[in-house]
Amino acid sequence: MTAGIAVDLRSAVPPYEQIRLQVTSLIAVGSLAAGTRLPSVRSLAADLGIAAGTVARAYKELEQAGLIETRRRNGTVVVGIPDAGLPPDGAVTADLIAAVDRYIAKGRTAGLDDGALHDILRLRLGHSQ
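Here's a quick rundown of the structure. (Residues numbered from 1 in each chain as written. Predicted model: local features only at pLDDT ≥ 70, side-chain atom pairs only at ≥ 80, totals over all residues. Heavy atoms only, no water.)

So, the overall build of the chain
Then, number 1: Across its full length, the chain holds five helices and two strands.
Then, number 2: Overall, the chain shows an N-to-C arrangement of helices and strands of α-α-α-β-β-α-α.
Then, number 3: By the burial criterion, 29% of the 129 residues in the chain qualify as buried.
Then, number 4: Look at the contacts in the chain between residues 6 or more apart in sequence, and 52% of them connect residues 24 or more apart. (Helix = DSSP H or I, 4+ residues; strand = E, 2+ residues; numbered from the N terminus. Buried < 20%, exposed > 50% of the residue type's maximum accessible area, 1.4 Å probe, protein only. Contact = heavy atoms within 4.5 Å.)

Concerning the packing of aromatic side chains
Then, number 1: This model, assessed by the stated rule, comprises zero aromatic pairs.
Then, number 2: Over the face of the ring belonging to Tyr-16 we find Arg-57, whose NZ or CZ atom lies 3.7 Å from the ring centre. (Phe/Tyr/Trp six-rings, centres within 6.5 Å; stacked < 30°, edge-to-face > 60°. Lys NZ or Arg CZ within 6 Å of the ring centre and 35° of its normal.)

Let's talk about the layout of surface pockets
Then, number 1: Of the pockets and cavities examined, the second largest pocket occupies roughly 210 Å³.
Then, number 2: Around the second largest pocket sit Gln-18, Leu-21, Gln-22, Ser-25, Leu-26, Ala-98, Asp-101, Arg-102 and Ala-105, which together line it.
Then, number 3: Those elements that place two or more of their residues in the lining of the second largest pocket are helix 1 (15-28) and helix 4 (94-109).
Then, number 4: For the lining of the second largest pocket, the element with the highest residue contribution is helix 1, accounting for five residues.
Then, number 5: Residue composition of the lining of the second largest pocket, by class: four nonpolar, three polar and two charged. (1 Å grid on protein atoms, 1.4 Å probe; cavity = no way out; pocket = protein on both sides within 12 Å on 5 of 7 lines; lining within 4 Å. Points joined across faces, edges and corners; volume = space filled by probe spheres on them. Nonpolar A, V, L, I, M, F, W, Y, C, P; charged D, E, K, R; others polar.)

Examining the pattern of salt bridges
Then, number 1: Here the structure, examined in full by the defined rule, presents eight salt bridges.
Then, number 2: The residue Glu-69 makes a salt bridge to Arg-71 at a minimum N-O spacing of 2.6 Å.
Then, number 3: In this structure, Arg-108 and Asp-114 form a salt bridge, with 2.6 Å as the shortest nitrogen-oxygen distance.
Then, number 4: Of the residues examined, Asp-114 reaches a relative accessible area of 44% and is grouped as partly exposed.
Then, number 5: When salt bridges that share partners are traced, they join Glu-17, Arg-20, Arg-57, Glu-61, Arg-108 and Asp-114 into one network. (Salt bridge = Lys/Arg side-chain N within 4 Å of Asp/Glu carboxyl O.)

Points about the pairing of strand 1 (residues 68-71)
Then, number 1: Pairing of strand 1 with strand 2 (residues 75-78) involves four bridges; the strand directions are antiparallel. Across the sheet, residue Thr-70 finds its bridge partner in strand 2, namely Thr-76.
Then, number 2: In this antiparallel pair of consecutive strands, strand 1 and strand 2, the connection spans three residues. (Pairing = 2+ DSSP bridges.)

Considering helix 2 (residues 41-48)
Residues three or four positions apart in an α-helix share a direction because the helix packs 3.6 residues into each turn.
Then, number 1: Within the span of helix 2, buried status applies to Leu-44, Ala-45 and Leu-48. Buried residues of helix 2, seen end-on, are gathered within an arc of 100° and therefore sit on one face of the element. In helix 2, the exposed positions that point more than 90 degrees away from the buried face belong to Arg-42 and Ala-46.
Then, number 2: Positioned one or two residues after helix 2, Gly-49 has a phi angle of 70°, which is positive. (Arc of directions from axis to C-beta.)

Examining the environment of Ser-25
Then, number 1: With respect to the secondary-structure elements, Ser-25 resides in helix 1.
Then, number 2: For Ser-25, a relative accessible area of 12% puts it in the buried group.
Then, number 3: Spatially, the C-alpha atoms of Ser-25 and Asp-101 are 7.8 Å apart, while their sequence positions differ by 76 residues.
Then, number 4: Discounting chain neighbours no more than four positions away, the residues touching Ser-25 are Ile-97 and Asp-101.

Given below as structure tokens:
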């Protein structure tokens, strides 16, 4: 079971980042609700045909972001999206999340870090007013 996750090994975006972005999106749009158990690192790695360390890195970053947590007996489960001033339910659509994911992926491909991506977004938001 890949939980709706796919990795494109030809992409310039590293596989761990592809996994992280997809899980984040699935959580944001409600496809992975709080309490949902994710595949084990080894199981997902085998299903995707990649190294277990790649999945472990994605899971570690998701855990650091507060989206998932690993419990000894229950495995890795979705915690949910921390309420950080997100708009009310329904305002964040799958299309919107996909557009943000494409923006991040293109930025990563161009070698931009989070700070640069934030700066570009802030600049563009200032021009749209």
